[in-house]
There are 2 protein chains.
Amino acid sequence: MSVSNPRLFTFSAGPSGAWTIIRQTCIVGDPLAPAARLEVTPSGATAPNDAAWALQGVTSNVRYTLASEKVELVTVQEAIGRPHATRAALIPIRKSAAWWDLSQDERRKIFEDASQHNRIGLKYLPAIARRLHHCRDLAAASPFDFLTWFDYAPEHTALFEDLVGQLRQTEEWKYVDREIDIRVEGREA
Amino acid sequence: MSVSNPRLFTFSAGPSGAWTIIRQTCIVGDPLAPAARLEVTPSGATAPNDAAWALQGVTSNVRYTLASEKVELVTVQEAIGRPHATRAALIPIRKSAAWWDLSQDERRKIFEDASQHNRIGLKYLPAIARRLHHCRDLAAASPFDFLTWFDYAPEHTALFEDLVGQLRQTEEWKYVDREIDIRVEGREA
């Protein structure tokens, strides 16, 4: 039995889980099966065994962020899991083969110069916290390339709609060929 | 049972395998157990079950290569598996936490501006073919970040020594904290 990557997280949807799924919207591509609850399991812990579906991803090094941007982000952002952040969202996305065939500078140009991905995210810090998980390079075939997990206070729900609305209008999002938006609330005691 | 990533490769060292290990040198960090033979198994095929050790990695998108460099590389490079390439090398490496904490532009500067990683590799094309596998973001904890698999004709053995010798003197290699150099020959009929 192999040891898990310490940066691995598992998102399991089904009858059990600490978060209640309040909305699940398929933005583009095939949907995921609907479920009542969501559990987020860190590396080394046991994920629910009754899940309708489970997605895995690992946090990793930054891929497009410059040193100057990293300083700005790190100064303002807060980590996932703040007690007041009782709303959360899981947004799995896949990007097209055309995206992955681009060189590093071509992808960076689209990501930031054309789409201002970091710049948009920065506007919503620290209200919206974000943790990005990569799944394209797992040993098991994954239906998504990225899982992003956000959390925020209930009063910042409209802010979060703004954030995802802006990102979906970018040049970068033309390369997103599958996206599901899963909103959850509450944590079990 | 999950389906494998189609870009997954498994390198198994032990009593069986198509390649004969002729030299195994620990360059830095902990060594790997010595073995007689090496097998390279693509996604979906069955790896030997008697291996002393097995390493997995997935091929992926380029991380530092610019569009202009990609054109140069793609024009000249040949794919792994040419019939005359009866010598090969597996070089697993791990980079330090300090490397992974750098921003994208800081890593690119070290990789190419200071170390000319692509520029050095290009000099040895098409004689030396190369396939890079990533293992840092697998779900299972991996002892290495990258597995590079090279093949070449026996008459290009000295060229290959030049190539790895040059890379090991670069600024980039100061961040390599584990490296094993495994040379193999032949293929079974």
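Throughout, residues of each chain are indexed from 1 in the direction in which the sequence is written. All chains are assigned letters beginning with A, and all ligands numbers beginning with 1, in the order in which they are written. Only residues with pLDDT of at least 70 get local features here, since the model is predicted, and only at 80 or more are side-chain atom pairs given and counted; chain-wide, interface and lining totals rely on the full set of residues. Heavy atoms from the whole structure form the basis of all side-chain values; hydrogens and water molecules are not counted.

**Quick look at the confidence of the model for chain A**
As a per-residue measure, pLDDT reflects the predictor's confidence and takes values from 0 up to 100. When pLDDT is averaged along chain A, the result is 96; 98% of the residues meet or exceed 70. Overall fold confidence for the complex sits at a pTM of 0.96, while the interface term, ipTM, reaches 0.94.

**Observations concerning the pattern of salt bridges**
Pairing between side chains becomes possible if they bear opposite charge and their charged atoms approach one another. Here a salt bridge means any side-chain nitrogen of Lys or Arg lying within 4 Å of a carboxyl oxygen belonging to Asp or Glu. Scanning the model with the defined rule gives 30 salt bridges over all chains in all. For Arg108 of chain B, the salt bridge goes to Glu69 of chain B, with nearest N and O atoms at 2.9 Å. Residue Arg108 of chain B is located in helix H3 (residues 104–114), and its partner Glu69 of chain B is located in helix H1 (residues 67–76); the two are separated by 39 residues in the primary sequence. The two residues Arg108 of chain B and Glu69 of chain B agree in class, both being buried. Put simply, Arg168 of chain B and Asp181 of chain B hold a salt bridge, and the shortest N to O gap is 2.9 Å. With Arg168 of chain B in helix H5 (residues 157–168) and Asp181 of chain B in strand S8 (residues 176–185), this pair connects stretches of sequence that are 13 residues apart. Here the salt bridges share partners, and the residues they tie into one network are Arg23, Glu161, Arg168, Glu179, Asp181 and Arg183 of chain A. Secondary structure counts use DSSP, requiring at least four H or I residues in a row for a helix and at least two E residues in a row for a strand, with both numbered from the N terminus. Using a 1.4 Å probe on the protein chains alone, a residue whose accessible area is under 20% of its type maximum counts as buried, one over 50% counts as exposed, and one in between counts as partly exposed.

**Things to note about the side chain of Asn61 of chain B**
Among the secondary structure elements, Asn61 of chain B is positioned in the loop between strand S4 (53–58) and H1. Each polar contact in these results corresponds to two N or O atoms within 3.5 Å; when the atoms are within protein, one needs to be able to donate a hydrogen and the other to accept it, and residues that are neighboring in sequence are counted only if both atoms are side-chain atoms. Within the local environment of Asn61 of chain B, its side chain forms a polar contact with the side chain of Arg136 of chain A, the two groups lying 3.1 Å apart. Sequence-distant contacts of Asn61 of chain B, defined by excluding residues within four places in its chain, comprise Trp100, Arg107 and Arg136 of chain A together with His134 of chain B. By definition in these notes, contact holds between two residues if any of their heavy atoms fall within 4.5 Å.

**Observations regarding empty space enclosed by the protein**
All names here are of chain A. Both cavities and pockets are sets of points on a 1 Å grid over the protein atoms alone; in a cavity a 1.4 Å probe fits but cannot get out, in a pocket the set is open with protein on both sides within 12 Å along at least five of seven lines, and lining residues sit with an atom within 4 Å of a point. Grid points are joined across faces, edges and corners, and a volume is the space filled by probe spheres set on the points. Across all of its chains, the model carries one cavity of 30 Å³ or more by this definition. Estimates place the volume of the largest cavity at around 40 Å³. Glu69, Glu72, Leu73, Glu112, Asn118, Arg119 and Leu122 together form the lining of the largest cavity. When residues of the lining of the largest cavity are traced back to their parent elements, those giving at least two are helix H1 (67–76) and helix H4 (117–123). The classification used treats Ala, Val, Leu, Ile, Met, Phe, Trp, Tyr, Cys and Pro as nonpolar, Asp, Glu, Lys and Arg as charged, and all other residues, Gly among them, as polar. In the lining of the largest cavity, the residues fall into two nonpolar, one polar and four charged.

**Comments concerning the relation of the copies chain A and chain B**
Note on the identical chains: chain A maps onto chain B by a rotation of 180 degrees and an axial translation of 0.0 Å, with an RMSD of 0.0 Å. Both chain copies can therefore be described as sitting about a two-fold axis. Scanning chain A for the C-alpha nearest the rotation axis identifies Leu138 of chain A, at a separation of 2.3 Å. A residue counts toward the fit only if its pLDDT is at least 70 in both copies, and the copies are then superposed by least squares on the C-alpha atoms of those residues.

**Topic: the packing of aromatic side chains**
Between rings of Phe, Tyr and Trp, where Trp is taken as its six-membered ring, a pair exists when centres lie within 6.5 Å; planes separated by under 30 degrees are stacked, by over 60 edge-to-face, and by other angles tilted. This structure, assessed with the given rule, holds 16 aromatic pairs over all chains. Grouped by ring-pair contacts, the aromatic residues Tyr64, Trp99, Phe111 and Tyr175 of chain A constitute a single cluster. Two thresholds decide whether a charge sits over a ring: the Lys NZ or Arg CZ must be within 6 Å of the ring centre and within 35 degrees of the ring normal. Cation over ring: Lys95 of chain A sits above Trp99 of chain A, and NZ or CZ is 3.9 Å from the ring centre. One Lys or Arg, Arg131 of chain B, reaches over the ring of Phe9 of chain B and ends 3.6 Å from the middle of that ring.

**Structural notes on the environment of Leu122 of chain B**
All names here are of chain B. By the element assignment, Leu122 lies in helix H4 (residues 117–123). Among the residues examined, Leu122 registers a relative accessible area of 15% and is labelled buried. Between the alpha carbons of Leu122 and Pro83 there is a distance of 21 Å; along the sequence they are 39 residues apart.

**Section: the interface of chain A and chain B**
Contacts between the two partners involve 33 residues from chain A and, on the opposite side, 33 residues from chain B. Summed over both partners, the accessible area lost on bringing two parts together, with a 1.4 Å probe, is the buried area. Regarding the contact of chain A and chain B, the summed buried area is about 2,500 Å², with carbon and sulfur atoms giving 45% of it. Looking at the side of chain A facing chain B, the largest losses of area belong to Asn61, Asp137 and Ala139 of chain A, adding up to 23% of the total buried there. Across the chain A-chain B interface, the total number found is four salt bridges. With a shortest N-O distance of 2.6 Å, Asp137 of chain B and Arg63 of chain A are connected by a salt bridge. Joining chain A to chain B, the criterion identifies 30 residue pairs in polar contact (both at pLDDT 80 or more). Those elements that provide at least two residues to the side of chain A that touches chain B are strand S4 (53–58), H1 and helix H3 (104–114) of chain A. By residue number, the principal contributor to the side of chain A that touches chain B is H3 of chain A, which donates four residues. Here the residues of the side of chain A that touches chain B sort into 14 nonpolar, ten polar and nine charged.

**So, the pairing of strand S3 (residues 37–42) of chain A**
Residue and element names in this part refer to chain A. Two strands are counted as paired when DSSP detects at least two bridges linking them. Here strand S1 (residues 8–14) pairs with S3 via six bridges, running antiparallel. Counterpart to Phe11 in the pairing with S3 is Val40. Relative to S3, strand S2 (residues 19–28) runs antiparallel, the two sharing two bridges. The residue bridging Thr20 from the neighbouring strand is Arg37, located in S3.

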